[in-house]
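Below, each chain spelled out in residue letters.
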Amino acid sequence: MTDIDARDQPADPRSAERLHRSGFDYRIIDTADAQATAAFLRAETRGFLDAEPTDESRDEMAGILQDRRNIGVFDGDDPLPIATVNSWVTPLTVPGGEVPMWAISSVTVSATHRRRGIARQLLEGELRAAATAGVPVAGLTVSEATIYGRYGFGAAIPVAQLTIDARRAGWGAPDASGRFAYVEKDELATVLGELHDRARTQRAGQIAGWPARWRRMAGQGPSDKGAAEVRGVVWRDDEGRPRGAVAYRLAEVEGEFRAQLQVRHLVADTDEGLRAMWSFLLHHDLVNRVSVDLRPVDDPVTWLVADQRAVTQRVHDHGWLRILDVPAALQARTYAGDDLEITVEVTDALGFAEGIWRVRVSGGTATVQATDAAPDVTLDVATLSSAYVGGVPLTQLAAAGRVHGDGAQIIAFSEALRSPEAPVLSIWY
Ligand SMILES: CC(C)(COP(=O)(O)OP(=O)(O)OC[C@H]1O[C@@H](n2cnc3c(N)ncnc32)[C@H](O)[C@@H]1OP(=O)(O)O)[C@@H](O)C(=O)NCCC(=O)NCCS
């Protein structure tokens, strides 16, 4: 959907200059240089508190880095960067379509150099690079929910972690007529990727996956300690097409000869496929409990079981978005409800989205122009980003004191931003 390649963007000159003033060298890693790539990977794993990469895992991760724009910050002669970040451009599904998104990952600052403003230069540098490349939205998933609001990111795609008491749940839905089969890991990785590619366009919030991710989910990741325990099941419909798949592992419940079933990845591209997969998971013999994360908050499982109280749902923040170009972002999606005309003031400490914007929604699509009219509604860019794909109602953000202005216009805009189904992001990145 986009031919923008993050790797074409040079290192951001402003961040380079600021870090240079502190004695650091901020530069793009040449992924053709095996030693530089290995040093980046060692710094990244150290930053995320992981063990040193093995030769095998280094090869796998180096393959992923090839497709990304990787930046290291260096202190003196040390070949290991003291900070890392990488990025790539991916489609982000929005209601009614897709928008190019600047995905940011591998944000680490060495424990020896923390709290000296280095992460700020990494993040601001990424946002300037994305804006220069013409990418209207940036996104990330986060280790801590308190880090990225200051850069204009808002928690936009809440997801549900589900824990189901399988002995109590029962089943209250019709059985699917297709066929289940265990599949070997190679096939599992392929099917997970293919199903995700089809499913990701059906729900706002999703991004494209990549082959190494599916291999990892399927238990083929070289540094994955639980890999040997991963099993995969695919459900095919009556025409023989794969419509649902799950990668999971069973953890023994000590002394009971029973197990907890932990889902690694669950995907389906039809409602029937999803019902089939839930049926498989909840009917598995010798299982006390099924747990799965990164499900949409409107997952139908509560309505598939006989006893709703068997399902515990914990909703948590997952996908974070940051609008960089207000007209491009708002015009890329469709809108619900009645036609609407509203003047929205967006504040943005970094300037990208700052302005007063006249938003006209007609027939479900928007035109957005800068204006100097008095705003109906005022909010900051993180708040607009939280509401952007319809995962967080604007009225909820207003109730939290994050949106100001005309109450009726806030309700109308909130209604327009709604997504027909809850957005989801089934990937960590
Ligand atoms: C999180 C991390 C990248 C921060 O790097 P850093 O260089 O110390 O951050 P900075 O000095 O640039 O701090 C910038 C701002 O973020 C704040 N901040 C930094 N780390 C934070 C944290 N863990 N939680 C909350 N706020 C944090 C700082 O207080 C500072 O606030 P200010 O702008 O109000 O002054 C670094 O601690 C790290 O690598 N942690 C482990 C890996 C990780 O969690 N990475 C994030 C992956 S999503």
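Residues numbered from 1 in each chain as written. Predicted model: local features only at pLDDT ≥ 70, side-chain atom pairs only at ≥ 80, totals over all residues. Heavy atoms only, no water.

The protein appears in an unreviewed UniProt entry as GNAT family N-acetyltransferase from Microbacterium istanbulense. We quote the UniProt Sequence similarities (unreviewed entry) comment for the protein here in full: "Belongs to the acetyltransferase Eis family." (UniProt positions renumbered as here; feature names shortened; annotations may be inferred.)

For the rest of this paragraph, the subject is the packing of aromatic side chains. Each aromatic ring pair is specified by the distance between its two centres and by the angle formed by the two planes. As enumerated under the stated definition, the model contains six aromatic pairs in all. With a centroid separation of 5.8 Å and 75 degrees between ring planes, the pair formed by Trp88 and Tyr429 is classed as edge-to-face. Linking Trp88 in strand β3 (residues 83–94) with Tyr429 in the segment after α12 (407–417), this pair joins segments that are 341 residues apart in sequence. Since its relative accessible area comes to 12%, Tyr429 is described here as buried. Here the aromatic cluster, defined as three or more aromatic residues joined through ring pairs, consists of Trp88, Trp210 and Tyr429. The ring centre of Trp210 lies 5.0 Å from the NZ or CZ of Arg68, which sits over that ring. (Phe/Tyr/Trp six-rings, centres within 6.5 Å; stacked < 30°, edge-to-face > 60°. Helix = DSSP H or I, 4+ residues; strand = E, 2+ residues; numbered from the N terminus. Buried < 20%, exposed > 50% of the residue type's maximum accessible area, 1.4 Å probe, protein only. Lys NZ or Arg CZ within 6 Å of the ring centre and 35° of its normal.)

So, about the UniProt feature "active site" (unreviewed entry) in the protein. UniProt records the feature "active site" (unreviewed entry) at Tyr148 and Tyr429, using the numbering of this structure. As for its position among the elements, Tyr148 is in the loop between β5 (137–140) and β6 (154–165). Excluding residues that lie within four positions of it along the chain, Tyr148 makes contacts with Val107, Leu123, Leu140, Val142 and Phe153. A distance of 2.9 Å separates the side chain of Tyr429 from the backbone nitrogen of Leu140, its partner in a polar contact. (Contact = heavy atoms within 4.5 Å. Polar contact = N/O pair within 3.5 Å; in protein donor to acceptor, adjacent residues only side chain to side chain.)

This part covers the pairing of strand β14 (residues 355–362). Successive side chains on a regular strand alternate, one facing one side of the sheet and the next facing the other. When strand β13 (residues 340–347) meets β14, the two strands line up antiparallel, connected through seven bridges. Each residue of the ladder has a partner; that of Thr343, found in β14, is Arg358. As defined by bridge partners, β14 adjoins strand β15 (residues 365–370) across six bridges and the pair is classed as antiparallel. Bridge pairing in β15 places Arg360 opposite Thr367. Adjacent in sequence and paired antiparallel, β14 and β15 are bridged by two residues, among which Gly363 carries a positive phi angle near 60 degrees. (Pairing = 2+ DSSP bridges.)

Turning to helix α6 (residues 185–199), a few remarks are in order. Under the 1.5 Å per step criterion, the end-to-end length of α6 is 20 Å for 15 residues, consistent within 8% with the ideal 21 Å. Within the span of α6, buried status applies to Leu188, Ala189, Val191, Leu192, Gly193, Leu195, His196 and Ala199. The inward-facing, buried residues of α6 contact α7 (211–217), β8 (231–236), β9 (242–253) and β10 (258–268). (Expected span 1.5 Å × (residues − 1).)

This part takes up the site of the ligand. The ligand sits among 21 residues. The nearest are Val107, Val109, Arg115, Gly117 and Ser143. Between a nitrogen atom of the ligand and a main-chain N or O atom of Val107, the distance comes to 2.8 Å. At 2.6 Å, a backbone N or O of Arg115 approaches an oxygen atom of the ligand. Protein burial of the ligand: of its 900 Å² of free accessible surface, 75% is covered by the chains. Residue assignment for the shell around the ligand shows that the elements contributing at least two residues are β4 (97–109) and α4 (118–133). Considering only residue class, the shell around the ligand consists of nine nonpolar, six polar and six charged. (Near = heavy atom within 4 Å. Areas by Shrake-Rupley, 256 points an atom, 1.4 Å probe, with all protein chains shown as cover. Nonpolar A, V, L, I, M, F, W, Y, C, P; charged D, E, K, R; others polar.)

Looking now at the sheet that holds β10. The 12 strands are arranged β1-β2-β3-β4-β5-β12-β6-β11-β10-β9-β8-β7 in an open sheet whose pairing can be described as mixed. Here the strands that pair on one side only, and so sit at the sheet edges, are β1 (24–28) and β7 (179–182). Across the sheet, the axes of successive neighbouring strands diverge by a mean angle of 25 degrees, strand direction being ignored. Bridge count for β9 against β10 is 10 bridges, and the pairing is antiparallel. Pairing of Ala247 across the sheet is with His265, part of β10. Sitting on the sheet, helix α2 (residues 34–47) touches β2 (69–75), β3 and β4, and the angle it makes with β3 is about 80 degrees. Across the sheet, α4 touches β1, β2, β3, β4, β5 and β12 (311–323), and the angle it forms with β4 is around 155 degrees. (Axes fitted to C-alpha atoms, helices over the stretch in contact; angles between N-to-C directions.)

Bringing the domain arrangement of the protein into the picture now. Per the domain assignment, the segments of the protein are domain 1 (6–140), domain 2 (159–316) and domain 3 (326–417). Here the C-alpha centroids of domain 1 and domain 2 sit 32 Å apart. If you look at the interface, domain 1 gives 14 residues, while domain 2 gives 13 residues. Between domain 1 and domain 2, the buried area comes to about 1,100 Å², and carbon and sulfur atoms account for 59% of it. It is Glu60, Pro91 and Thr93 that lose the most area in domain 1 upon contact with domain 2, and together they represent 44% of the buried surface on that side. Taken together, the connections running from domain 1 to domain 2 amount to two salt bridges. With its nearest N and O atoms 3.8 Å apart, the salt bridge here joins Arg215 to Glu60. Elements with a minimum of two residues in the side of domain 1 that touches domain 2: α3 (55–66), β3 and β4. Sorting elements by how many residues they give to the side of domain 1 that touches domain 2 places β3 first, with six residues. (Domains from an automatic or database assignment. Buried area = accessible area lost by both parts, 1.4 Å probe. Salt bridge = Lys/Arg side-chain N within 4 Å of Asp/Glu carboxyl O.)

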